Amino acid sequence: GVRYQEPHLRALAEVSGDTVTSASAWLARAAEERPTDTFFLFKGRAFTYAESDARVTNVVKGLYHVGVRPGDRVLVLMDSRPSYLSMATALVRLGACPVLAPTDASEGELARAATRCDCRFVATDPSSVGVAKEVALLASAEGTGRLGVLVLGGAREGPRHFSDDVVDMEAIDPMRVRLPPDLALDAGRARDIGAILLRPSDSGELRTAPVTFHRWALSAHGAAAACTLKPHDTVYSCIPLHHPAAILVAVGAALVAGARLALGSAFSVETFFPEVRRYGATVVFYAGEMLRPLVHERPRRGDRTHPIRLVAGSGMRQDLWKKLEERFNVGVLEFYASTTQRAVLANASGEKVGSVGRPLPGSAELAVVKADLATGELLRDVDGHLVRALPGEPGLLAVRHPPEDGGELGANVVRAAFGKEPWVVSSDVVREDAAGDVFFIDARSGFVPTSGGPVSLRAVEDALYALPEIAMACAFVSDGSRGEPGISAAFVAYDEVTPARLDAAMSRLEAHARPRRIVALADMH
């Protein structure tokens, strides 16, 4: 394993602000060194590094032809398909910035995000042209000018006819486009912003998460090292490509490790194992509780005869971790990766169930700091510095932001946290054990103030998940008494859950943390 981990750990340690690194640069290098090797698989088709790199270069020519220039920002609104990777990688190669958007966001939110990010174009695929045109129209109403709509992909799917206000990228002949000799391709440096991810907030708005190439390298190399990815591995991802776990971790790790990348269908229990077996997937990336439905399917003869050796991702609860290991004989690698800050932790050994592990080489310095979990107010000492939490004590995860990282710090920066250098305090509540392993507890927004102290909604859900018959659980804030918020919960179960079983599960919680009302539902979305 060390043979395959060491190059990635060394690469992380050697990255400086001026290091040239990006997905497009890695693709170009792979196309030169092993052109005929398979890069990725999609719906039964295989694409080599040389084919993928040539496609990206052709898209670069098309982008330049329609007026996209280095420094421009382009909203990418596409389904998870090869053309998505080609577009995002081509923008990076050209020196433009892809703004990666979730396709299920409202047109109004997408338009507002495009305006905030100063996008000049919307890149889409044939299935989303109507939405892209509406987003462009709404953005123009904000006074920023009409966004150009570019369509890529789907050329093999039959005749296509678009209105005059849409540019069909597939109709551009790259052989007729000449790029200026002084145009620097694949020139992104580690400190530069390589992409902007649009992530839904609790209020439903899309928040912007700028990602530097350093942050990309940390995710890609860190995941490749932690998962001990080898060239003969096949990485399977059915996470939407706009999600950080897909574009930064799964795609990035496969690319830098020289492993094959299989782009799967949107997750479902019906397609998961058939696709895993078809592609020969050895490493599967997940997000949150995505894999939970697998453990509630009827046991099958082939549950332990599949190619998967490891599932890796963020946000898996301890009960699901144990169930996956026991039923499917797979390893679980849980990690923590900040979208915008240089903080990546991984539980590479998998020995401590529920832990996100320790910082990887190249990660920024981390600390767990004391705070009022009900209000988020940070505790400070007599000198005004933050106070580190004791081992086992919950607190907010803070990340040192060294000057060489540059970039916008945002509202959650503490400029003299422990000394002169600024630290960014996240909204994630964690605890660190005496050995230095970190455990995620809940988002700060998941804590409810009560007379007995703040209560984590995730902890209430975990208590319900301790009952194996419960398939899905949700805790939420409800009306309480005397002006204090109350806590209620709901669940979906495959078998009857008796009051005695519920009482036994809730006894795991302190008295003030137990829900006042628990409801059994037939379904939950």
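Before any of the text, the structure's been laid out above.
Reading the values: the criteria
- Residues numbered from 1 in each chain as written.
- Predicted model: local features only at pLDDT ≥ 70, side-chain atom pairs only at ≥ 80, totals over all residues.
- Heavy atoms only, no water.
- Core = buried A, V, L, I, M, F, W, Y, C linked by side-chain atoms within 4.5 Å.
- Buried < 20%, exposed > 50% of the residue type's maximum accessible area, 1.4 Å probe, protein only.
- Helix = DSSP H or I, 4+ residues; strand = E, 2+ residues; numbered from the N terminus.
- Contact = heavy atoms within 4.5 Å.
- Pairing = 2+ DSSP bridges.
- Axes fitted to C-alpha atoms, helices over the stretch in contact; angles between N-to-C directions.
- Phe/Tyr/Trp six-rings, centres within 6.5 Å; stacked < 30°, edge-to-face > 60°.
- Lys NZ or Arg CZ within 6 Å of the ring centre and 35° of its normal.
- Disulfide = S-S within 2.5 Å.
- Salt bridge = Lys/Arg side-chain N within 4 Å of Asp/Glu carboxyl O.
- Polar contact = N/O pair within 3.5 Å; in protein donor to acceptor, adjacent residues only side chain to side chain.
- Expected span 1.5 Å × (residues − 1).
- Parallel < 35°, antiparallel > 145°, perpendicular 65-115°, else oblique.
- Left-handed = near helix turned anticlockwise from the far one by under 90°.

Caption draft 1: Spotlight on the nonpolar core. Counting 100 residues, the largest nonpolar core has Leu63 and Phe285 as the members making the most contacts within it. Looking at this core element by element, the count peaks at 12 residues for helix α8 (residues 244-257). Among residues more than four places away in sequence, those in contact with Leu63 are Val68, Met87, Ala90, Leu91, Leu94, Leu150 and Met169.

Caption draft 2: Region of interest: the sheet that holds strand β25 (residues 486-493). On the basis of which strands lie adjacent, the open sheet formed by 3 strands has the order β24-β25-β26 and mixed pairing. Pairing within the sheet leaves two strands with one partner each, and these edge strands are β24 (470-478) and β26 (517-520). Each strand axis lies, on average, 20° off the axis of its neighbour in the sheet, ignoring direction. Two elements, β25 and β26, share 4 bridges in a ladder whose sense is parallel. Following the sheet pairing, Ala489 is matched in β26 by Ile518. Most of the contacts of helix α12 (residues 457-465) go to β24, to which it runs at about 150°, and overall it touches β24 and β25.

Caption draft 3: Highlighting the packing of aromatic side chains. Counted by the stated rule, this structure contains 8 aromatic pairs. Their ring planes at 80° and their centres at 5.1 Å tell us that Phe272 and Phe273 sit as a pair that is edge-to-face. Comparing Phe272 with Phe273 shows no difference in burial state: the two are buried. Here the aromatic residues Tyr236, Phe267, Phe272, Phe273 and Phe328 are joined through ring pairs into a cluster of three or more. Cation over ring: Arg388 sits above Phe418, and NZ or CZ is 4.3 Å from the ring centre.

Caption draft 4: Seen up close, the state of the cysteines. Applying the stated rule across the entire model yields 0 disulfides. No disulfide involves Cys117; its sulfur sits 5.2 Å from that of Cys119, the nearest cysteine. Not engaged in a disulfide, the cysteine Cys227 finds its nearest cysteine sulfur in Cys238; these two sulfurs lie 15 Å apart.

Caption draft 5: Structural detail: the pattern of salt bridges. The tally for this structure, following the rule as stated, stands at 31 salt bridges. Note that Arg120 is salt-bridged to Asp72, the shortest N-O span being 2.6 Å. Of this pair, Arg120 sits in the loop between α5 (107-116) and β5 (121-124) while Asp72 sits in the loop between α3 (49-65) and β3 (73-77), and the two are 48 residues apart along the sequence. For the salt bridge of Arg309 with Asp233, the shortest nitrogen-to-oxygen distance reads 2.9 Å. In this pair, Arg309 is assigned in the loop between α10 (292-295) and β13 (310-314) and Asp233 in the loop between α7 (213-226) and β10 (234-237), connecting sequence segments 76 residues apart.

Caption draft 6: Highlighting the side chain of Ser24. Within the element layout of this structure, Ser24 appears in helix α2 (residues 23-33). A residue is classified by how much of its surface remains accessible, and Ser24, at 0% relative accessible area, is buried. A distance of 3.0 Å separates polar atoms of two side chains, one belonging to Ser24 and the other to Ser22. With near-sequence residues (within four places) excluded, Ser24 lies in contact with Thr89, Val92, Arg93 and Asp186.

Caption draft 7: Fine view of the sheet that holds β5. Here we have 7 strands laid out as an open sheet, ordered β7-β6-β5-β3-β4-β8-β9, and mixed in their pairing. With partners counted over all chains shown, the strands left at the sheet margins are β7 (166-168) and β9 (206-212), one partner each. This sheet shows a mean twist of 25° between the axes of neighbouring strands, independent of strand direction. Judged from the 4 bridges that link them, β3 and β5 form a sheet pairing that is parallel. Note on β5: the bridge partner recorded for Val76 is Ala123. Each of β3, β4 (97-100), β5 and β8 (193-200) touches helix α4 (residues 82-94); the most contacted strand, β4, lies at about 140° to it. Most of the contacts of α5 go to β9, to which it runs at about 45°, and overall it touches β3, β8 and β9.

Caption draft 8: Representation of α4 within the structure. Here α4 spans 18 Å end to end across 13 residues, near enough to the 18 Å set by a 1.5 Å rise per residue. Taking burial as the measure, the 13 residues of α4 include 13 buried ones, the bulk of the element. Once α4 finishes, Gly95 follows within two positions and takes phi at roughly 95°, a positive value.

Caption draft 9: Geometry of the side chain of Ser86. If you trace the backbone, Ser86 turns up in helix α4. Judged by relative accessible area, which is 9%, Ser86 ranks as buried. Those residues in contact with Ser86 that sit more than four places away from it in its chain are Arg55, Val56, Val59 and Leu152.

Caption draft 10: Inspection of α7 at higher detail. Here α7 is 14 residues long and its end C-alpha atoms lie 19 Å apart, about the 20 Å a rise of 1.5 Å per residue gives. Here α7 lies mainly inside the structure; 14 of its 14 residues are buried.

Caption draft 11: Representation of the packing of α7 against α8 within the structure. Closest axis-to-axis distance for the α7/α8 pair is 7 Å, and the angle between their directions is 65°. Between α7 and α8, the crossing angle belongs to the class labelled roughly perpendicular. The chirality of how α7 crosses α8 is right-handed. Seen from α7, the contacting residues are Arg215, Trp216, Ser219, Ala220, His221, Ala223 and Ala224; seen from α8, they are Ile247, Leu248, Val249, Gly252, Ala253, Leu255, Val256 and Ala257.

Caption draft 12: Expanded view of the packing of α12 against helix α13 (residues 499-506). Between α12 and α13, the least distance of the axes is 8 Å, while the angle of their chain directions is 135°. By the angle class used here, α12 and α13 are oblique. In the crossing of α12 with α13, the sense of the turn from one axis to the other is right-handed. Two secondary-structure elements touch here, α12 through Val460, Ala463 and Leu464 and α13 through Leu502, Ala505 and Met506.

Caption draft 13: Region of interest: unusual backbone geometry. Within the chain, Asp118 stands out as a residue other than glycine whose phi angle is a positive 60°. Tracing the chain through its elements places Asp118 in the loop between α5 and β5. Overall, the relative accessible area of 57% leaves Asp118 in the exposed class. Unlike most non-glycine residues, Asp186 shows phi in positive territory, near 50°. You can see Asp186 is positioned in the loop between β7 and β8.

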